[in-house]
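Residues per chain, in single letters:
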Amino acid sequence: MSVSEQPIPAKPRLSWRGVSMLMVSDIVGTSVLTFPAVAAELGYALTVLLIVGLFPVTVYVSVLMARTHVRVRGIDSLGSAARRIFGPRYAGGTFAVVYGYTLLGNASYLLVLGTSLQGVFYDARLCLAAASGLGALLLAPLVVGLRRLGDSVALCFFNLLLVLLCVGVAFGELAARGRPPCVETHAVAQGLDFTAVFGGATNLVYAYAGQWMYFEMMTEMEAPADFPKAFLVSGPIMVSLYLLVACLGYYYLGGTPAGSLVESVPAGPAYRAAQGLLLLHVTIVYMVKSVVLARSAHGRLAPAAADARDARGYARHAALSLAMLLFSYGVTNAVPFFEPLLGLIGGVVSRPIHFLLPL
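Calculation rules
- Along each chain, the written sequence defines residue order, and numbers are assigned to residues from 1.
- Reporting in this predicted model follows two pLDDT cut-offs: at least 70 for local features of residues, and 80 or more for side-chain atom pairs to be given and counted; totals over whole chains, interfaces and linings ignore these cut-offs and use all residues.
- Side-chain metrics in this entry use all non-hydrogen atoms of the structure; hydrogen atoms and water are not considered.
- Helix and strand labels come from DSSP, where a helix needs a run of H or I of at least four residues and a strand needs a run of E of at least two; each type is numbered from the N terminus.
- The rule is simple: take the accessible area with a 1.4 Å probe, protein chains only, and divide by the maximum for that residue type; under 20% is buried, over 50% is exposed, in between is partly exposed.
- In what follows, residue pairs with any heavy atoms lying within 4.5 Å of each other are defined as contacts.
- Side-chain rings of Phe, Tyr and Trp (the six-membered ring for Trp) are treated as a pair once their centres are within 6.5 Å; stacked means planes under 30 degrees apart, edge-to-face means over 60, and tilted covers the remaining angles.
- The criterion for a charge sitting over a ring is simple: Lys NZ or Arg CZ within 6 Å of the ring centre, and within 35 degrees of the ring normal.
- Nonpolar cores are built from buried Ala, Val, Leu, Ile, Met, Phe, Trp, Tyr and Cys residues. Side-chain atoms within 4.5 Å join them into one set.
- Here a helix's expected span is defined as the number of its residues, less one, multiplied by 1.5 Å.
- A residue's bend is the angle separating two fitted axes: one through the seven residues that end there, the other through the seven that start there.
- What pLDDT reports is the predictor's confidence in each residue, on a scale of 0 through 100.

> Hey, could you go over the overall build of the protein for me, with residue numbers and the actual values?
Per the secondary structure count, the protein includes 13 helices and zero strands. Written out in order from the N terminus, the α and β elements of the protein read α-α-α-α-α-α-α-α-α-α-α-α-α. Put simply, the protein has 359 residues, and 51% of those count as buried. Sequence-distant contacts in the protein: of pairs separated by 6 or more residues, those separated by 24 or more amount to 85%.

The structure is reproduced here in structure tokens:
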């Protein structure tokens, strides 16, 4: 066998500590920046109840997934789990729903990348199509070069620091301005109705929605049974950060916050810095999700060559990654109501994908 035909050499497998960084990077995304708006819809009490109450549910589902992965061989994704449990008929549908929704979610990250570029260069007045196109060009060489989740652990730790810095810059600016005297906050939001509860709960559920790729993480672990230990690190980070952003943001901004915490910062150096940090954060999140999507597609198209280190293996991975990036750019710019549509789809399928399907 020639060198070009050999599989990729075995690399150090993921520990549960490395998984915790991947978990935080994947789950603690841009949705946390919208939590002040969620708290404005729900009030302090329901926001805190949902943030704290959803965490043990997440851990429970993940423990069941880890036990399944250890006891049943050949499960490396939700789709393969559906194949083993329900048969081939349901596997294709599961792959389509889970990875199709994730692909659309990655497309939304490209939009966020575009708006972040607009924010960094707000005085240049870039249109969103041009800004997201520049974002796609930035991502292209990065998604081609990354092939394994284990290769991105250091990036994910750096990504956590980016999120903390972004939140810190925004709150530093809000604290410097002070809390306006007209701001009102409530334990239970006034006029609370089902629509507000459903919308706010959907955002909070999405903030714990990493189960779609947990089997993929376990596949790269040296001891998959240790997977739940990752929550010893990621859990306190997620819950404390969510509570901080939601409650402190609501305290400063009240019932009419901007759509994102970063958008509440006035134009200037702090706004430019926050948008720059958000740009780097979204870039890494897109890369991590793209690795899972590309490897899944590669494994289905050419299972024997998914880990090949020959030119054909690298070319297939590059082609799949770039095709998904092109799709993301096309769908976000071709569908004028993409964000509301994705929000509707997410409200319908996010809970079943992350909390029901794994069971």
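> If you had to explain the packing of aromatic side chains to someone new, which residues and values would you point to?
Counting across every chain of the model gives 12 aromatic pairs. Looking at Arg179, its charged tip hangs above the ring of Tyr251, at a distance of 4.2 Å from the centre.

> Can you tell me about the nonpolar core, naming the residues and giving the values?
Judged by nonpolar contacts, the single largest core of 92 residues is most densely connected at Phe35, Tyr214, Phe227, Tyr242 and Leu261. The element contributing the most residues to this core is helix H11 (residues 269-301), with 16 residues. Once residues within four sequence positions are removed from consideration, Phe227 is found in contact with Val19, Met23, Ser62, Ala66, Tyr214, Met217, Met218 and Met221.

> Describe helix H6 (residues 128-145), with residues and values.
Helix length check: H6, at 18 residues, gives a terminal C-alpha distance of 26 Å against a target of 26 Å (1.5 Å per residue), a fit within 8%. If you look at H6, its biggest bend is around 35°, right at Leu139, and the proline Pro141 turns up within four residues after that. Ala131, Ser132, Gly133, Gly135, Ala136, Leu139, Ala140 and Val143 are the residues of H6 that are buried. Buried residues along H6 sit in contact with helix H5 (88-120), H11 and helix H12 (311-334).

> Quick rundown of the confidence of the model for the protein? Include the residues and the values.
This prediction gives the protein a mean pLDDT of 82; 86% of its residues lie at or above 70. Looking across the protein, the model is least confident in helix H13 (residues 338-356), with a mean pLDDT of 53, and most confident in helix H10 (residues 231-253), with 92. Confidence drops under pLDDT 50 across residues 1-10; counting only partners more than four residues distant or on other chains, this segment forms 17 contacts.

> With reference to specific residues and values, describe the environment of Leu64.
Inspection of the secondary structure puts Leu64 in helix H3 (residues 44-71). Judged by its relative accessible area of 23%, Leu64 falls in the partly exposed class.

> Residues and numbers for helix H7 (residues 153-177), please.
In this model H7 runs 37 Å from its N-terminal to its C-terminal C-alpha over 25 residues, within 8% of the 36 Å that 1.5 Å per residue would give. Of the residues making up H7, those classed as buried are Cys156, Asn159, Leu160, Leu162, Val163, Cys166, Val167, Ala170, Phe171 and Leu174. Positive phi shows up at Gly178, right after H7, with a value of about 85°.

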